[in-house]
Each structure stands twice: as structure tokens, then as C-alpha cells.
Amino acid sequence: MTTSSLTAASFQVYDTTLRDGAQQEGMNLSVSDKLAIAVLLDELGVGFIEGGWPGAVPKDTDFFARAATELTLKNAVLAAFGATRRAGVRAGDDQQVRALLDAATPVVTLVAKSDVRHVERALKTTRAENLAMIADTVSFLVAEGRRVVLDAEHFFDGYRHDAEYATSAVTAAFEAGAEVVTLCDTNGGMLPTWIGEIVGELKGAITPGAGQLLGVHAHNDSGCAVANSLAAVEAGATHVQGTVNGYGERTGNADLVTVVANLELKGGMSLLADGGLREAARIAHAISEITNISPFARQPYVGASAFAHKGGLHASAIRVDPDMYQHTDPTLVGNDMRMLVSDMAGRASIELKGRELGFDLAGQGELLSRVTNRVKADEAAGYTYEAADASFELLLRSELGRRPEFYTVESWRTIIETVPAGAAPPAVHAPDAVAVAEATVKIRAGGERIVTTGEGNGPVNALDQALRTALSQVYPELSRFELIDFKVRILDTELGTDAITRVLIETTDGEHSWSTVGVGPNVVEAAWEAVTEAYVYGLLKSGVEPRP
């Protein structure tokens, strides 16, 4: 890319997660959620945060009212989003335009039609009136002291249909005083070569004034949103819009973090304030927590799998030089390289994974072979260590003779019975007679034999309650542990009820989380192994000394 001379002073990064991103199916952000995300976006270092559409969406009106007193931004400025005036109405008399002023943001972003087909069929007005709506609204807001960004909706489709009219919409906005005119691929159907050609042609046909910029806003319906954004920048756009994690309706918007990471790391640009790119992974995941949408593991740059290596051939090369199988240094975006341990692992993979976990295995050929063979055998039996780092570390410690024994299990059992709803334990909720589980666990810990009983809404829950009750008598630190995810997979499904079951459990102590795996002929045995491993690992990482 030939963009290295551009910096945050001459290039604008504009985030629209809180408005366009919030239109994603299944996303429902409260005002408090939006305020929390705005703080994170400011930490990332974007220049603009589009907060929503005041006057049209009551929640967004509340957001701007609260933001005025509750939100202190260090790097970004807030933008309120709205539309140009209605046909036949003065801009100053349009209630929606007045609501944009009432939001009291330094920047106002207007959506306007630039495709003549939308002008005539959707707005049901004339070509001339649409251009007047653009010019009147922009000039009114500029006169009121606002910086104006105009989003030229359906620009690329409109340009391919009638280039002259689409260009006239851009010109009308610039002549009225707009700081930015953003060219929108609203339907997301463009390809990078088309985008580059159109932006290049447009730049040759218009002459923006000093400080006036062309921007790009891409949707991902053709899977090209990031590529289209980069193509527009290559062709001369100096303002880019997008959403964190690519949120947005249908297939989403351009992932702003991916776009900026490419521009900074590949294009040599410096765009985010205070080196914000190094916080990208943390911030992207934190926003995922607020939106309650699970992070996409294979998301470029910031995904958990973005720098994860599984193949033994990769591991051998990475041991010599990590850059041999990585396109950039993961720490530049706040991510980490990870080695995945699986049946594809070789000795190099095990050595690198050990190093990642804090064990120097260099030169220990016999041990590496033993661990590699055990991993391959376990994976053939149904285990998966690439998704259960905690279980792999316990396996490695066992082979090293460094696995602590916090307790020993004498026996465990569980039964299920049907009881009237009123006789069910408090944790079980059902209207009629229900099946409840009871479990008994016998362990030795703290120099004693401990026998406890637990009840739950299933055998796994009952066993977990019984084991937790027993261990807590000796290890009160266990009270901080909480199971936060439970996945069951049936292996060899062609065997029907005789199939092997694999259980993956994620546990947290409130600060960190870890995953363990169990495999057995049924879900109860598989879950028991995963749960016991989770407690052993949690106590180990908490620095607790064994009290057998």
C-alpha cells in the first residue's frame, strides 16, 4: 500500500458500532451498555464515535443526554446521526434536524440519497429537491457550529447507474460545507476493483476544498467489506468507517480493527491515538462481553485463533523463527501466539507449548517423545487438548512428576429419582413431578476421610455439588471457583447409545478462566473427569499448597 504518509492528523477513523453495529440481529444495547462501549472505543484511540440517532430512537436520545454529563472522552469526539431535512421543509423547521442540534455533539453525520433510483422511488421526490435537501441541511448545521459528515447512501450502486447524479450529490455536500462525504456501499455488493475505480474517477471529477475529505463505509454482504475499505483508501479516501468486531445488520460492516490494523501494520500509517492498536484484542473482547455476543475465534488479528498453530511442521519452523508462519507480531495488536496440542503435534509443538506454560523442555528428547505419544493416544481416544490447556498442563506435570495431589477419590456414585415438585431441592425448578439427582462422594483430604452428599437438577450438577462440599472443608479457596461453560459432544455417533462422550468445562476464579476435558462412555463419567481436573488446576494456579 502507498499510504505511509498519512497519520491521524490527515486521516480519520470513524467508529459506528453504537449505531450501525447495534442494528445486528440479536443485539440489544442499553444506554449503560453504549456508554461503557464508548469508553472502550475511546481507549482504542478512534477519532469519532457515532452514538446513535437522537429524535428517531428514544434510547439514543437518552444516550446523548447522559453522555453530556457522564462521558469524558480523551481521544474521540461524539457524532450524532440523522437524515437530511424532509422534502418541502426548511432545515431549521425539521424536528429531526433540530433533534440533532439538541444532542449537542460537535459532529453531526447525515445520511442522504445519492442513487437517483432511491430519490425517486423511496423519497418520492425530484432530483433537484434531493440535492437541495443535502445542501440546505449541511449549510444549516454548519452555520450552527457543527462539523458535518455526509454519508452518501447507496453511492457505489448509484454511481454505476448514474455517475453524474451520484457525483452531484457529493458536490452539493462539499459546496455546502461538509467536512467529509462518505461513499457508502450500503448493500455490500461491491468488489475491491470496482471500489478503487469509482473512487479514482470521483477524485478526478471533483475538487474538495481545504480540509474536506472523501470517506468510505462498507458492508460485508459480498465478504469484501475490509478489502473494499482498503481499496478506497488506496484510491484516495482519507476517512474510513466501520464497527468493532464487524457488527452490523445482515452480514455486518467492515471490521474497523482489521481495517486499521492493515493500514497501520501493512501500510505504515499511524492512525490510532496513544498506540491504541496494542490494546485492540483486549478492547474487542471486552466489547464482546458487553454485547453478549461470543468473540469469533478466527477473527483476523484479535481472534483467539489468529496466531494459534497446530501443525507439527509449523511448530518446527516457529521454534527457529516465529515470523516464518506468522504475518505479523501478535503483540502489536495485543494478542499472543499459541501452540495447539493435538494429534497433529510433534515434539517441536510439545516443546513450544511447554515453553508457553513455563516449562523448559529443550533437550529432553525422551520426555518429549513420551508426551507426544501420550497426546496422540489420548486424542485417538476422544480427548482434545487444543481446547483444554489446563488438562494438557496437568498431563505434562504428570509426566514431569510435578503434578500436586490435593486429594484422592475413594469412590463416587449418583442416582436419579422422580419426586413431586414440592419435594425437589431448591435448585430444581419444574411445575410437576420431576427427576432429581443425588450424588455421594468419598474422598481423602486434609488427613481425613470425607463423605458428602449433593443434590442437583442432573447427575453432573449433583456430583459437582457433592465434590465442592467435600473439598471446601479442606480448601476454602474453592468457593471462588465457578463453572461458566459446559459443552458435551457425542463421538462415534454411529454407535448410538454406545458412543463415547467428550465434555469440555470452562471454570473461572473471577479473574482468570481455564478449560478442562473429560472423556468417558457416558456424560457423567466424562464430566466427572473434567470437573475434578478443573478443581485441581484451579487450586494449583491459586498457589494453594496440597493438604492431602
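This text goes with the structure placed above it.
Quick notes on the rules
- Residues numbered from 1 in each chain as written.
- Predicted model: local features only at pLDDT ≥ 70, side-chain atom pairs only at ≥ 80, totals over all residues.
- Heavy atoms only, no water.
- Helix = DSSP H or I, 4+ residues; strand = E, 2+ residues; numbered from the N terminus.
- Buried < 20%, exposed > 50% of the residue type's maximum accessible area, 1.4 Å probe, protein only.
- Contact = heavy atoms within 4.5 Å.
- Areas by Shrake-Rupley, 256 points an atom, 1.4 Å probe, with all protein chains shown as cover.
- Salt bridge = Lys/Arg side-chain N within 4 Å of Asp/Glu carboxyl O.
- 1 Å grid on protein atoms, 1.4 Å probe; cavity = no way out; pocket = protein on both sides within 12 Å on 5 of 7 lines; lining within 4 Å.
- Points joined across faces, edges and corners; volume = space filled by probe spheres on them.
- Nonpolar A, V, L, I, M, F, W, Y, C, P; charged D, E, K, R; others polar.
- Polar contact = N/O pair within 3.5 Å; in protein donor to acceptor, adjacent residues only side chain to side chain.
- Axes fitted to C-alpha atoms, helices over the stretch in contact; angles between N-to-C directions.
- Parallel < 35°, antiparallel > 145°, perpendicular 65-115°, else oblique.
- Left-handed = near helix turned anticlockwise from the far one by under 90°.
- Core = buried A, V, L, I, M, F, W, Y, C linked by side-chain atoms within 4.5 Å.
- Pairing = 2+ DSSP bridges.
- Expected span 1.5 Å × (residues − 1).

> Please clarify how the overall build of the protein chain should be interpreted in this entry.
Along the protein chain, the regular secondary structure elements total 17 helices and 16 strands. Out of the 548 residues belonging to the protein chain, those deemed buried represent 53%. A fraction of 69% describes how many contacts in the protein chain between residues 6 or more apart in sequence connect residues 24 or more apart. Per element, the accessible surface of the protein chain, about 23,500 Å² overall, is 49% carbon and sulfur.

> What am I meant to see in the pattern of salt bridges here?
Pairing is possible between side chains of opposite charge, provided their charged atoms come close. On inspection of all chains with the given rule, the structure shows 28 salt bridges. When the shortest N-O distance is used, the salt bridge between E399 and R374 registers 2.9 Å. Of this pair, E399 sits in helix α15 (residues 389–400) while R374 sits in helix α14 (residues 365–380), and the two are 25 residues apart along the sequence. Residue class for R374 comes out partly exposed when judged on its relative accessible area of 31%. Note that R444 and E410 form a salt bridge whose closest N and O atoms lie 3.9 Å from each other.

> Help me understand the layout of surface pockets, please; the structure alone is not making it clear to me.
Space inside the second largest pocket adds up to approximately 460 Å³. Taken together, 24 residues form the lining of the second largest pocket, with W53, F81, V111, K113 and E153 sitting closest to its centre. Contributions of two or more residues to the lining of the second largest pocket are made by β3 (77–83), β4 (107–113), α5 (127–143) and β5 (147–153). The element best represented in the lining of the second largest pocket is β4, accounting for 3 residues. Among the residues forming the lining of the second largest pocket, the class breakdown is 9 nonpolar, 6 polar and 9 charged.

> Please explain helix α10 (residues 256–266) as it appears in this structure.
Residues three or four positions apart in an α-helix share a direction because the helix packs 3.6 residues into each turn. For α10, a buried count of 9 out of 11 residues is recorded, marking the element as mostly surrounded by other parts of the structure. For α10, the set of buried residues is L256, V257, T258, V259, V260, A261, N262, L263 and E264. The elements touched by buried residues of α10 are β1 (12–15), α1 (31–44), α9 (225–235), β8 (239–242) and α11 (280–291). Two or three places before V257, at the start of α10, stands the capping residue D255, its side-chain oxygen 3.1 Å from that residue's backbone nitrogen. Following α10 by one or two positions, G268 has its phi on the positive side, about 70°.

> What am I meant to see in the packing of α5 against helix α7 (residues 163–176) here?
Two packed helices can be described by the angle between their axes and the distance between those axes. Orientation of α5 relative to α7, taken along the N-to-C sense of each, is 25°, at an axis distance of 8 Å. The angle between α5 and α7 places the two elements in the roughly parallel class. When you trace α5 past α7, the crossing you get is right-handed. Residue-level contacts link R127, N130, L131, I134, A135, V138, S139 and V142 of α5 to Y165, S168, A169, A172, A173 and A176 of α7. Taken together, the residues of the contact of α5 with α7 break down into 10 nonpolar, 3 polar and 1 charged.

> What is the right way to read the nonpolar core from this model?
Generally speaking, nonpolar side chains in soluble globular proteins are found buried as a group. Counting 88 residues, the largest nonpolar core has V46, L150, F155, V170, V181 and L183 as the members making the most contacts within it. Once residues lying within four places of it in the same chain are set aside, the contact partners of V170 are F155, V181, L183, L202, I206 and L214. Residues F406, L478, V503 and L539 belong to the second largest nonpolar core, which totals 37 residues.

> Could you clarify how one ought to interpret the sheet that holds β3 in this entry?
As a general point, the strands of a sheet are linked pairwise by backbone hydrogen bonds and lie either parallel or antiparallel. Pairing is parallel in the closed barrel, where 8 strands are placed in the order β1-β2-β3-β4-β5-β6-β7-β8. Pairs of neighbouring strands in the sheet enclose a mean axial angle of 25°, with direction left out of account. Looking at chain direction, β5 and strand β6 (residues 180–185) are connected through 4 bridges and run parallel. Pairing of L150 across the sheet is with V181, part of β6. Its contacts with the sheet place α9 against β6, β7 (213–218) and β8, and it is angled at close to 170° to β7.

> Explain the sheet that holds strand β15 (residues 501–508) here, please?
Reading across from one edge, β14-β15-β16 is the order of the 3 strands in this open sheet, with antiparallel pairing throughout. The outermost strands of the open sheet, each flanked by one partner alone, are β14 (482–490) and β16 (513–520). Strand-to-strand twist in this sheet, taken as the mean axis angle between neighbours without regard to direction, amounts to 15°.

> Quick question: what am I supposed to make of helix α17 (residues 523–541) here?
Between its terminal C-alpha atoms α17 stretches 27 Å, which fits the 27 Å expected from 19 residues at 1.5 Å a residue. Of all 19 residues making up α17, 15 are buried, and the element is well covered by its neighbours. At the N-terminal boundary of α17, the capping side chain belongs to N522, with an oxygen 3.1 Å from the backbone nitrogen of V524. Residue G543 follows α17 closely and has a positive phi angle near 75°.

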